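What follows is each chain in one-letter form.
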Amino acid sequence: MSCKDTIHLICWYLERKLSPSVESEIERHLGECRDCHLVFEAANTTLDRYFGSLRVHETETARTAA
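Residues numbered from 1 in each chain as written. Predicted model: local features only at pLDDT ≥ 70, side-chain atom pairs only at ≥ 80, totals over all residues. Heavy atoms only, no water.

Colleague: Would you mind going over the environment of Val39 in detail, with residue names and values included?
Modeller: For Val39, the position within the fold is in helix α3 (residues 34-65). Classification of Val39 by relative accessible area gives partly exposed; the value is 33%. Along the backbone, Val39 and Ile7 are 32 residues apart, and their C-alpha atoms lie at a distance of 7.2 Å. Leave out the neighbours within four places in its chain, and Val39 touches Ile7 and Ile10. (Helix = DSSP H or I, 4+ residues; strand = E, 2+ residues; numbered from the N terminus. Buried < 20%, exposed > 50% of the residue type's maximum accessible area, 1.4 Å probe, protein only. Contact = heavy atoms within 4.5 Å.)

This is the structure we're talking about:
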């Protein structure tokens, strides 16, 4: 997966809206690419800051529903 593709899909990845195979590709890329990992961390921090506990609850609900 390219950096452009990874960055484009980071928010969907954080919201768990991607297929398991695409999630795996993103995780692999994030493990290898420092620049994309920094973008991922920034997006994750921003969502935590603005949605905080609501985001944690939604993620837990999505995981138990799946």
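Colleague: Which residues make up the nonpolar core, and what values do they have?
Modeller: Of all hydrophobic cores here, the largest spans 12 residues; its members are Leu9, Ile10, Tyr13, Leu14, Leu18, Ile26, Leu30, Cys33, Cys36, Phe40, Ala43 and Leu47. For Tyr13, the contacting residues outside a window of four places in its chain are Leu18, Glu23, Ile26, Glu27 and Phe40. (Core = buried A, V, L, I, M, F, W, Y, C linked by side-chain atoms within 4.5 Å.)

Colleague: A description of the packing of helix α1 (residues 3-14) against helix α2 (residues 20-32) should follow, citing residues and the corresponding values.
Modeller: It is at 10 Å that the axes of α1 and α2 come closest, and there the two elements cross at 120 degrees. The pairing of α1 with α2 is recorded here as oblique in orientation. Considering how the two elements wind past one another, α1 and α2 form a crossing that is left-handed. On α2, the residues that touch Cys3, Thr6, Leu9 and Tyr13 of α1 are Val22, Glu23, Ile26, Glu27, His29 and Leu30. Split by residue class, the contact of α1 with α2 holds six nonpolar, two polar and two charged. (Axes fitted to C-alpha atoms, helices over the stretch in contact; angles between N-to-C directions. Parallel < 35°, antiparallel > 145°, perpendicular 65-115°, else oblique. Left-handed = near helix turned anticlockwise from the far one by under 90°. Nonpolar A, V, L, I, M, F, W, Y, C, P; charged D, E, K, R; others polar.)

Colleague: Which residues make up the pattern of salt bridges, and what values go with them?
Modeller: Should the charged atoms of two oppositely charged side chains come close, the side chains can pair. The full count for this structure, using the stated rule, is one salt bridge. Where Glu15 meets Lys17, a salt bridge forms, and the shortest distance between an N and an O atom there is 3.1 Å. Of the residues examined, Glu15 reaches a relative accessible area of 39% and is grouped as partly exposed. Looking at Lys17, the relative accessible area reads 58%, which means it is exposed. (Salt bridge = Lys/Arg side-chain N within 4 Å of Asp/Glu carboxyl O.)

Colleague: Kindly report on the side chain of Thr6, identifying the contributing residues and their values.
Modeller: In this fold, Thr6 is placed in helix α1. Residue classification places Thr6 among the buried positions, given a relative accessible area of 0%. Once residues lying within four places of it in the same chain are set aside, the contact partners of Thr6 are Met1, Ile26, His29, Leu30 and Cys36.

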